[in-house]
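Residue-level structural notes
As a plain string of letters, each chain reads:
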Amino acid sequence: MIKTEPIIAVDNVEKSSEFYQKLLGCISKHGGSVFEILADKSGKQILSLHKWGEHEHPTFTDPKNAGNGLISYFLVDNIEPIWNNAKKLNARIENEPKLNPNSGRMEFSIRDLDNYYVSVCSEKN
């Protein structure tokens with residue numbers, strides 16, 4: 001089995017954790033001001049957050065180009081409540097929900113608190 005457990009560097013771990021929990025309805029499995037693990041309701045890890053400059057990780061030292069070359073892409077069962085959450089959070093909207101002709105799925109894209117590009121896609125066609 002191969003799976004990914006992405007970690008992104010953020011300015012404020014606690015605020016970013018709250019943002020993603022409200023956006024995706026996920027839960028905190030770790031908590032703290034330096035590192036956070038977010039999971040779906042079943043406890044499966046979906047994303048970790050790491051404070052910029054902590055623990056001397058070489059790619060987490062310079063937030064100047066945060067998010068450059070990265071898309072956080074989330075597949076969800078139901079896109080509509082997450083779209084509503086994004087609007088309630090006043091997230092910066094890049095693309096409103098639309099049918100992606102390549103995947104045949106509905107998706108939308110926003111920016112998170114650290115300017116990462118976040119795409120949310122309906123898992124069901």
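The following refers to the structure shown.

Some points on the packing of aromatic side chains
What the rule picks out here adds up to three aromatic pairs. Arranged with centres 5.4 Å apart and planes meeting at 85°, the rings of Phe19 and Tyr20 form a pair that is edge-to-face. On the accessibility criterion, Phe19 (6% relative accessible area) is buried. Plain terms: the ring middles of Trp83 and Phe108 are 5.0 Å apart, the flat faces sit at 65° to each other, and that makes the pair edge-to-face. Here Trp83 is found in helix H2 (residues 79–88), whereas its partner Phe108 is found in strand E7 (residues 105–111), with 25 residues between them in sequence. As far as burial versus exposure is concerned, Trp83 and Phe108 are alike and both buried. An aromatic cluster of three or more residues is present, and its members are Phe19, Tyr20 and Phe74.

A word on the sheet that holds strand E2 (residues 27–28)
Taken together, the four strands give an open sheet; going across it, the order is E1-E4-E3-E2, and neighbouring strands pair in mixed fashion. Looking at the sheet topology across the chains shown, the edges are occupied by strand E1 (7–10) and E2. Across four bridges, E1 lies against strand E4 (residues 45–51) in parallel orientation. In the sheet register, Ala9 faces E4, and the bridge partner there is His50. Against the sheet, helix H1 (residues 13–24) makes contact with E1, E2, strand E3 (35–39) and E4, and its axis sits at roughly 155° relative to E4, the strand it touches most.

Cut-offs and rules
- Residues numbered from 1 in each chain as written.
- Predicted model: local features only at pLDDT ≥ 70, side-chain atom pairs only at ≥ 80, totals over all residues.
- Heavy atoms only, no water.
- Phe/Tyr/Trp six-rings, centres within 6.5 Å; stacked < 30°, edge-to-face > 60°.
- Buried < 20%, exposed > 50% of the residue type's maximum accessible area, 1.4 Å probe, protein only.
- Helix = DSSP H or I, 4+ residues; strand = E, 2+ residues; numbered from the N terminus.
- Pairing = 2+ DSSP bridges.
- Contact = heavy atoms within 4.5 Å.
- Axes fitted to C-alpha atoms, helices over the stretch in contact; angles between N-to-C directions.

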